Each structure stands twice: as C-alpha cells, then as structure tokens.
Amino acid sequence: SGKYDFKNKIISLAKNLSLEGVAQIKDFKEDPYEVDKTDGYTGEKFSLQLFIDWNDNTSSRFYTEFKKDALAEEDGRQKNELELNLKVTSTLSSKAKGEFIRDTDRLDAGHGFKSRRGTFELSSDLSPRLFGQASIEHYSEWPEAPSEINRWTTEGKTTYKFTPNF
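Predicted model, so just to flag it, every value in this text is computed and none were measured.

Participant: Let's hear about the overall build of the chain: which residues, and what values?
Facilitator: Of regular secondary structure, the chain possesses one helix and eight strands. The secondary structure elements of the chain, listed N-terminal to C-terminal, are α-β-β-β-β-β-β-β-β. A compact globule built from 166 residues should have a C-alpha radius of gyration of about 15 Å, whereas the chain, at 22 Å, is more than 25% larger. With respect to the three principal axes, the spread of C-alpha positions in the chain is 65 × 45 × 40 Å. Restricting to contacts in the chain with at least 6 residues of sequence separation, those with at least 24 account for 40%. In the structure as shown, the chain presents an accessible area of about 12,200 Å², 53% of it carried by carbon and sulfur atoms. Where the 25 positive side-chain charges of the chain centre and where its 29 negative ones centre are 9 Å apart.

See the structure below:
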C-alpha cells in the first residue's frame, strides 16, 4: 500500500485511482509425437487497466491489451476500451463505452482487421417496482474492406417487480 501526491492537477481530481497490469507469456515446446504450428513459438498477452472514481457520481475505466499468438508470422492484436459511468440523479444512470480493435494478421483484400464499437446506455428506476433501460450501439468491422460490416442496434427493456420481497 502506498500513497503518492500527484502534481498533475487532472489526476489529483480523482477520488480513487486503481491501476492493474497483467503479463502472460506462454512457450510452446516441440512435441515430436504431436507436431503443431505453435511449436517453438511464444504467445504473449499484456494488459493494463485503469479505474478512476472522479466523485460519488462519476467513474471511468480505460483498458488496453496487446496479444500476440504463438505463430511464426504474428504481429499481434491491439484492443483499447474506454468507459464513462455517470449517475445523473438518484434514479437515473448513464454509461458510454467505446471499443477499438486492430489486428494486422487478419487480412481482407490487403486490409488489416479493425473494429469499432460505441455504446450509450440509460437506466432508471422509474418507480419502486419498475426499472427501465435503453441503449444504442454502433458497430463497424473491416472498414474500407470488401467485407465491411456497419450496423446500429437499439434496445429497450423493462423489469417489473411484482412483490417487494420476492
């Protein structure tokens, strides 16, 4: 446990800050009885996650990951996520999330794989027994490639609690 005085004014505004880092390395040894394309190569995965509570009503999360499969010609995949949670009132909350993935090992007509996902969500206790949630999401995959995917999704749901103790 330790405490550090951040001279950076933006970081010092955080009520709570948590940082998590993970490194995973896996060596694949050669097995003369069962040959595999990963034999003799090393797979790696490194991730870093930052949680920030700005105040009692606002929090954010940043996640970044680099993953390299145990293959001969592997450049690796990079993933980044950013999330912001805001409690607007005692009964209304919102969440915005963005996810970005890049993998140059997956190719389509010379284009490396890319995907982007953005989500916005509102949730509310409409009454003591009624809960509502609405969200909208935009997802795109393989931009500028022949197999491009681009879609919007909207979703709404409600939950009704019939008895207070059930």
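Structure's up, so let's keep going.
Participant: Go over the sheet that holds strand β1 (residues 16-27) with me, naming the residues and quoting the values.
Facilitator: Here eight strands make up an open sheet; going across it, the order is β1-β2-β3-β4-β5-β6-β7-β8 and the pairing antiparallel. Either end of the sheet is taken by a strand with one partner, and the two such strands are β1 and β8 (149-160). Shown here is a sheet whose adjacent strand axes are inclined to one another by a mean of 10 degrees, direction ignored. In this structure, strand β7 (residues 130-141) lies alongside β8, joined through twelve bridges in antiparallel fashion. Residue pairing for β8: Q133 is matched across the bridge by K157.

Quick notes on the rules
Residues numbered from 1 in each chain as written. Predicted model: local features only at pLDDT ≥ 70, side-chain atom pairs only at ≥ 80, totals over all residues. Heavy atoms only, no water. Helix = DSSP H or I, 4+ residues; strand = E, 2+ residues; numbered from the N terminus. Rg over C-alpha atoms; globule rule 2.2 N^0.38 Å. Contact = heavy atoms within 4.5 Å. Areas by Shrake-Rupley, 256 points an atom, 1.4 Å probe, with all protein chains shown as cover. Lys, Arg positive; Asp, Glu negative; His and termini not counted. Charge placed at Lys NZ, Arg CZ, Asp CG, Glu CD. Pairing = 2+ DSSP bridges. Axes fitted to C-alpha atoms, helices over the stretch in contact; angles between N-to-C directions.

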